[in-house]
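Coordinate analysis (summary)
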Amino acid sequence: QVQLVESGGGLVQAGGSLRLSCAVSGRSFSHYTMGWFRQAPGKEREFVAGISWRGDYTHYGDSVKGRFTISRDNAKNTVYLQMNSLKPEDTAVYYCAADSHSIVPLTSSTVDFWGKGTLVTVSS
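Now for a look at the structure at hand.

Rules of the game
- Residues numbered from 1 in each chain as written.
- Predicted model: local features only at pLDDT ≥ 70, side-chain atom pairs only at ≥ 80, totals over all residues.
- Heavy atoms only, no water.
- Core = buried A, V, L, I, M, F, W, Y, C linked by side-chain atoms within 4.5 Å.
- Buried < 20%, exposed > 50% of the residue type's maximum accessible area, 1.4 Å probe, protein only.
- Pairing = 2+ DSSP bridges.
- Helix = DSSP H or I, 4+ residues; strand = E, 2+ residues; numbered from the N terminus.
- Axes fitted to C-alpha atoms, helices over the stretch in contact; angles between N-to-C directions.
- Salt bridge = Lys/Arg side-chain N within 4 Å of Asp/Glu carboxyl O.

Glancing now at the nonpolar core. Considering soluble globular proteins, one finds that nonpolar side chains tend to be buried as a cluster. In this structure, Leu4, Met34, Trp36, Leu81, Met83 and Tyr94 are the most contacted members of the largest nonpolar core, which totals 28 residues. If you look at the next biggest cluster of nonpolar residues, it comprises six residues, including Phe47, Val104, Leu106 and Val111.

On to the sheet that holds strand 1 (residues 2-7). The strand order across the open sheet formed by four strands is 1-3-8-7, and the pairing between neighbours is antiparallel. Of all the strands in the sheet, just strand 1 and strand 7 (68-73) have a single pairing partner and so form its edges. Strand-to-strand, the axes of this sheet are offset by a mean angle of 15 degrees, without reference to chain direction. With six bridges connecting them, strand 7 and strand 8 (residues 78-83) associate as antiparallel partners. Following the sheet pairing, Ser71 is matched in strand 8 by Tyr80.

One pass over the full model with this rule turns up five salt bridges. Two residues, Glu46 and Arg38, come together in a salt bridge whose shortest N-O distance is 2.9 Å. Note that Asp90 is salt-bridged to Arg67, the shortest N-O span being 2.7 Å. Residue Asp90 is located in the loop between strand 8 and strand 9 (92-99), and its partner Arg67 is located in the loop between strand 6 (58-60) and strand 7; the two are separated by 23 residues in the primary sequence. One connected set of salt bridges, linked through shared partners, spans Arg38, Glu46, Arg67 and Asp90.

Here's what the structure looks like:
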């Protein structure tokens with residue numbers, strides 16, 4: 001079993017930055033494709049970013065490309081999402097995801113484990 005715990009969410013002004021972390025415990029972390037999704041109330045869950053188990057392949061949703069960066073540190077069992085130039089439209093609950101079956105890009109249907117989410121609110 002794998003447990004994912006997100007942290008780093010909060011309130012930030014438009015144009016600001018946040019760094020989300022996802023701490024992973026359980027079975028071998030390095031073999032999972034990891035990613036981030038987000039969901040705003042009344043909206044469909046949206047793919048944000050994904051990273052291969054070696055960290056050599058990343059993929060981003062069009063809405064965040066050029067502003068967000070995903071990375072992973074397998075030695076620390078942690079995945080990060082650096083979010084820069086935040087916009088009010090980025091406001092959502094951000095979920096960490098682990099997928100043993102797929103490579104990036106990820107889809108919700110293939111995710112094996114989800115974190116409980118961390119709320120990011122961007123004010124204008």
